[in-house]
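Spelled out, the chains give:
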Amino acid sequence: MKGFFKFVFASMLGFILSFIVLGLLLVVGIVGLISSAGDEPAKVEANSVIHFSLNYPIVERTIKNPLDNIDIAGIHGDKTLGLNDILSALKRAKSDENIKGIYLDLSGVQGGMATLEEIRNGLLDFKKSKKFILAYSEVYSQKAYYLASVADKVYINPEGILEFTGLSSQSPYFKGALEKLEIEAQVIKVGTYKSAVEPFILDKMSDANRKQVTSFLGSLYQHLLSGVSTSRKISRDSLFAMANQLKIQKAQDAVTYKLVDGLRYKDQVIDELKTRTGIDKKNDLKSISLMDYMKANTPEEGDMDSRVAVVYASGEITGGEGDDESIGSERISRALRKVRLDKKIKAVVFRINSGGGSALASDVIWREVALTRKVKPVIVSMGDVAASGGYYIACAADSIFAQPNTITGSIGVFGIIPNMQKFFNNKLGITFDGVKTAEHADLGTTLRPLTDSERFIIQTEVNRIYATFTKRVADGRKKTQAYVDSIGQGRVWSGTEALKIGLVDRLGNIDDAIRSAAKMAKIKNYKLVAYPAQKDPFEAIFSGGEDKLKEHFSKLQFGDNYVYFQQLQSALKLNGIQARLPYTISIR
C-alpha cells in the first residue's frame, strides 16, 4: 500500500509539473505573439551603417518565433538568422541611399562553410555599389576571417586573436564507452567509405575514412585560401606557410603579414565609421542591426502568373510531417505536388541542406522530384550539406548547383541495431522473457543479438536499397550504375570534387540556381514563392513542447559537448535502413 501511494504521488507530481510547464509556455506564447504583432521594422536614418553581426545560428530561411524577445524563468526563444533574409537585406542595402556601408562585427559566427560562402558572395556583390565594408573583431575564427577578408579594411583589437591554423575535423568514437556498458552495435552496411557506423565499432578512423576526409577537407581548405588570397592580395603559398608554421600568434603578427590592416580598439573603429558616414565624432553613430534591417525585407516583385517556387528541405530526413528544421517526407512531398500542379509556377528550385536520414523517406521524396521534373524544370541548390539521403532526393533534378565547400555524395546505406542484452542483464540486473508466434517475430529487438540468418536477411535488404540508390543516381545523372558505384561506396566529396566527377553540374549559389530555373522555363519577369508553408508560430511553440524543454536543459548541461550526446542518442534511436552522412561534420 505504501508503494501504491508513492506511485500515485509521483504521478500527481509529474502531472502538476507538466501542467505548470504548459501553462508557462502558454503565457510566454501569448506574450510573444502580442509583442511580435507590434514589432515594426526599424526606421533607417540617413547616413547609416548596418551592424552586421552573425551571433545566432544561420538557418535556410527565417523561422517565425514569437519568443525571440522573451526570457521568462530562463526559458527563451532560440534566435536564428534566415539566410534568405540575410541575402535579401544585402541586395536591398546595395541600392538603399540611407545605407552608406556595412560594419562587420564578427565576434561570433555561426554557420556552415557553404552558408558563409553565400553571405561572402553577397558581401562581394554589395561592394559593387562602391559603399564601404569595415570589419572588426576581438577574436577572429577562421570562418569569421574568411568573411572579414572581403572588407575594405580589416581591424583587430590590439590584444586580440586571429585563428589562422588550417582546417581540422574531429569525430568522437564511442566504442570504448559502449564496451564498458556492454552494448554491442550490430552493423549492416554497404560502402567502403560509409563510415557512419565507425564511431560505434572503432576507436579511431579507418584508412578509407581518413582518405576521404583528407581529400574533401583539403579541397575546402584550398578554396578558403584562394578566397583570402584574392581579397587580401597575398599568394596562396604564403597563406599556407603562415598557417603551417603558425606565424599568426598575436594581433601584431596579423598586421605584419597583412592579414589585417591595423590594430584598433572599438572606440577607434566607431570613430572611423563616423568619419566614413560624415557624422561628427561628438554625435552618435547612426546604425541599424542586421536583424532589424532584415525585418523590412519585402517580397520581390514580379509577374504573379510566372512564378519560380523555392522548395526548402533542411535537416534530417524522416517519415511523416517533420517541421521547419527537419525534412518530413509527407510535408515535402505535398509541397512538391502542389508546385507541380500549380500552372502559375513555371520552374522549381529545390534547396537542400541535409545529411540524409531514412532511406525510405528519401525515396518517397525522390519520386515527387522525378514526377515534377517531367512537368517543369527542377534545379537543385545545395547548401552546407546535401549528402547520402540529401543527395538521393537531389539526383532526379534537371541540374544541380553546389558551392565549392558544400559537403555532398556519401552514396551508401547502413543500419545499426544495438544489442543491449548484456547491458540490461549485467549492468541493471534486468532480464526479459516472452513468447512469439513466428521465429522472427521479434526481429530488430535490442534485447538479444541477431542470429546469422537475421543478419543475412538485413544485409540483403541493405544491398537492395544500395542498388536502388545507385540506380536512381545513374538514371538522374545519365551515368552507368557501375560508375556511380565506383564514386559511391559512401564516399564524401566537396562541391569542387563533386563537379569533377559529375555529381553536380555547376558551382554557384541559390541565386544562380534561380536564374537557371527561370532560363530553362523561358521566363524573365517572375515572382519568387517559397514552399512548404512555414508552421504557425503559436503552433510551433506547443508542438513537442516537452521535447524542446528537454533539449533546452540538455544544451545547458552539456554545453559545447551537446553535439556528441546528441549523436550518440540519435544512433540509439535509429529506425529502419539509413542513408545519411557518416557523422556530424564540424570543421574549424
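Residues numbered from 1 in each chain as written. Predicted model: local features only at pLDDT ≥ 70, side-chain atom pairs only at ≥ 80, totals over all residues. Heavy atoms only, no water.

## What about the overall build of the protein chain?
Helix and strand counts for the protein chain come out as 22 helices and 24 strands. Going through the 588 residues of the protein chain one by one, you find that 49% of them count as buried. Within the protein chain, contacts between residues at least 6 apart in sequence are counted, and of these 75% link residues at least 24 apart. (Helix = DSSP H or I, 4+ residues; strand = E, 2+ residues; numbered from the N terminus. Buried < 20%, exposed > 50% of the residue type's maximum accessible area, 1.4 Å probe, protein only. Contact = heavy atoms within 4.5 Å.)

## Considerations on the confidence of the model for the protein chain
On average, the protein chain scores 86 in pLDDT, and the residues at 70 or more come to 82%. Throughout residues 1-10 the model reports pLDDT below 50, and contacts reaching past four residues in sequence, or to other chains, amount to 0 contacts. (pLDDT = per-residue confidence, 0-100.)

## As for the pairing of strand β17 (residues 378-387)
Of all 10 residues making up β17, 10 are buried, and the element is well covered by its neighbours. Across 6 bridges, strand β15 (residues 345-354) lies against β17 in parallel orientation. Among the inter-strand pairings, Arg351 is bridged to a residue of β17, identified as Ser381. One ladder, built from 3 bridges, connects β17 with strand β18 (residues 399-402); its direction is parallel. (Pairing = 2+ DSSP bridges.)

## A look at the sheet that holds strand β6 (residues 99-105)
In a beta sheet, neighbouring strands are held together by backbone hydrogen bonds and run either parallel or antiparallel to one another. Strand order in this open sheet of 6 strands is β10-β8-β7-β6-β1-β11, and the pairing throughout is parallel. Single-partner strands in this sheet number two, and they are β10 (262-263) and β11 (287-289). Relative to strand β8 (residues 153-162), strand β7 (residues 132-140) is paired through 6 bridges, and the arrangement is parallel. Its bridge partner being in β8, Val139 is matched across the sheet by Ile161.

## Observations concerning the packing of aromatic side chains
With the rule as written, the count across this model stands at 7 aromatic pairs. An angle of 85° between the planes, with centres 6.2 Å apart, marks the rings of Tyr140 and Tyr145 as edge-to-face. Overall, the relative accessible area of 0% leaves Tyr140 in the buried class. Seen from their ring centres, Phe423 and Phe424 are 5.5 Å apart, and the 65° between their planes marks the pair as edge-to-face. Note on accessibility: Phe423 and Phe424 belong to one class, buried. By way of ring pairs, the aromatic residues Tyr140, Tyr145 and Phe164 are connected into one cluster. When the ring centre of Phe132 is taken as reference, the NZ or CZ atom of Arg276 above it lies at 5.1 Å. Positioned over the ring face of Trp493 is Arg491, at 4.3 Å from the centre of the ring. (Phe/Tyr/Trp six-rings, centres within 6.5 Å; stacked < 30°, edge-to-face > 60°. Lys NZ or Arg CZ within 6 Å of the ring centre and 35° of its normal.)

## Overview of helix α16 (residues 452-477)
The terminal C-alpha atoms of α16 lie 37 Å apart, and with 26 residues this matches the ideal 38 Å at 1.5 Å per residue to within 8%. All buried positions along α16 are accounted for by Glu454, Ile458, Val462, Ile465, Tyr466, Phe469, Thr470, Val473, Ala474, Gly476 and Arg477. Directly beyond the C-terminal end of α16, a positive phi value near 60° is found at Lys478. (Expected span 1.5 Å × (residues − 1).)

## Here we look at the side chain of Thr470
Position of Thr470 among the secondary structure elements: in helix α16. A distance of 3.0 Å separates the side chain of Thr470 from the backbone oxygen of Ala467, its partner in a polar contact. (Polar contact = N/O pair within 3.5 Å; in protein donor to acceptor, adjacent residues only side chain to side chain.)

## Topic: the packing of helix α12 (residues 329-341) against helix α13 (residues 359-375)
Taken N-terminus to C-terminus, the directions of α12 and α13 make an angle of 5°; their axes are 9 Å apart at the nearest point. One finds that α12 runs roughly parallel with respect to α13. Touching Ser329, Ile332, Ser333, Leu336, Arg337 and Arg340 of α12 are Ala361, Val364, Ile365, Glu368, Val369, Leu371, Thr372 and Val375, all from α13. The residue makeup of the contact of α12 with α13, split by class, is 8 nonpolar, 3 polar and 3 charged. (Axes fitted to C-alpha atoms, helices over the stretch in contact; angles between N-to-C directions. Parallel < 35°, antiparallel > 145°, perpendicular 65-115°, else oblique. Nonpolar A, V, L, I, M, F, W, Y, C, P; charged D, E, K, R; others polar.)

## Quick word on the pairing of strand β20 (residues 413-419)
Successive side chains on a regular strand alternate, one facing one side of the sheet and the next facing the other. Along β20, 7 of the 7 residues are buried, which leaves the element largely enclosed by surrounding structure. Of the two faces of β20, the one holding Val413, Gly415, Ile417 and Asn419 and the one holding Phe414, Ile416 and Pro418 are both buried throughout.

## With respect to the pattern of salt bridges
According to the stated counting rule, one finds 26 salt bridges in the structure shown. Measuring nitrogen to oxygen at the nearest pair gives 3.3 Å for the salt bridge that ties Lys250 to Asp253. A cluster of three or more residues bridged by salt bridges with shared partners is formed by Lys436, Asp442, Arg448 and Glu454. (Salt bridge = Lys/Arg side-chain N within 4 Å of Asp/Glu carboxyl O.)

## Looking at helix α7 (residues 207-232)
End to end, α7 covers 37 Å across 26 residues, agreeing with the expected 38 Å (1.5 Å per residue, within 8%). Downstream of α7 by a residue or two, Lys233 has a phi angle that is positive, lying close to 55°.

## Let's talk about the environment of Thr277
Mapping Thr277 onto the fold places it in the loop between α10 (266-276) and β11. Spatially, the C-alpha atoms of Thr277 and Ala46 are 9.2 Å apart, while their sequence positions differ by 231 residues. Sequence-distant contacts of Thr277, that is, excluding residues within four places in its chain, are made with Asn47, Val49, Lys100, Phe132 and Leu285. A polar atom in the side chain of Thr277 sits 2.8 Å from the backbone oxygen of Leu273.

## Notes on the side chain of Gln142
Mapped onto the secondary structure, Gln142 falls in helix α4 (residues 142-148). A polar contact of 3.1 Å, which involves the side chain of Gln142, links it to the backbone nitrogen of Thr165.

## Description of unusual backbone geometry
Residue Tyr531 is joined to Pro532 through a cis peptide bond whose omega torsion reads -10°. Looking at the element boundaries, Pro532 is found in the loop between β23 (527-531) and α20 (537-542). Phi is positive for Lys233, close to 55°, though the residue is something other than glycine. Positionally, Lys233 belongs in the loop between α7 and α8 (236-244).

## Details of the packing of α7 against α8
At their nearest, the axes of α7 and α8 sit 9 Å apart, and the two run at 115° to each other. α7 and α8 meet at a crossing whose hand is right-handed. On α8, the residues that touch Tyr221, Gln222, Leu225, Ser226, Val228 and Ser229 of α7 are Arg236, Leu239, Phe240 and Ala243. Looking at side-chain class alone, the contact of α7 with α8 contains 6 nonpolar, 3 polar and 1 charged residues. (Left-handed = near helix turned anticlockwise from the far one by under 90°.)

## Side note on the environment of Gln421
Structurally, Gln421 can be placed in helix α15 (residues 421-427). Look at Gln421 and you get partly exposed, because its relative accessible area is 30%. Taking the C-alpha atoms as reference points, Gln421 and Thr445, separated by 24 residues in sequence, lie 9.8 Å from one another.

## Some points on the environment of Val492
Here Val492 lies in strand β21 (residues 492-494). Here the alpha-carbon distance between Val492 and Thr408, two residues 84 residues apart in the chain, equals 5.9 Å.

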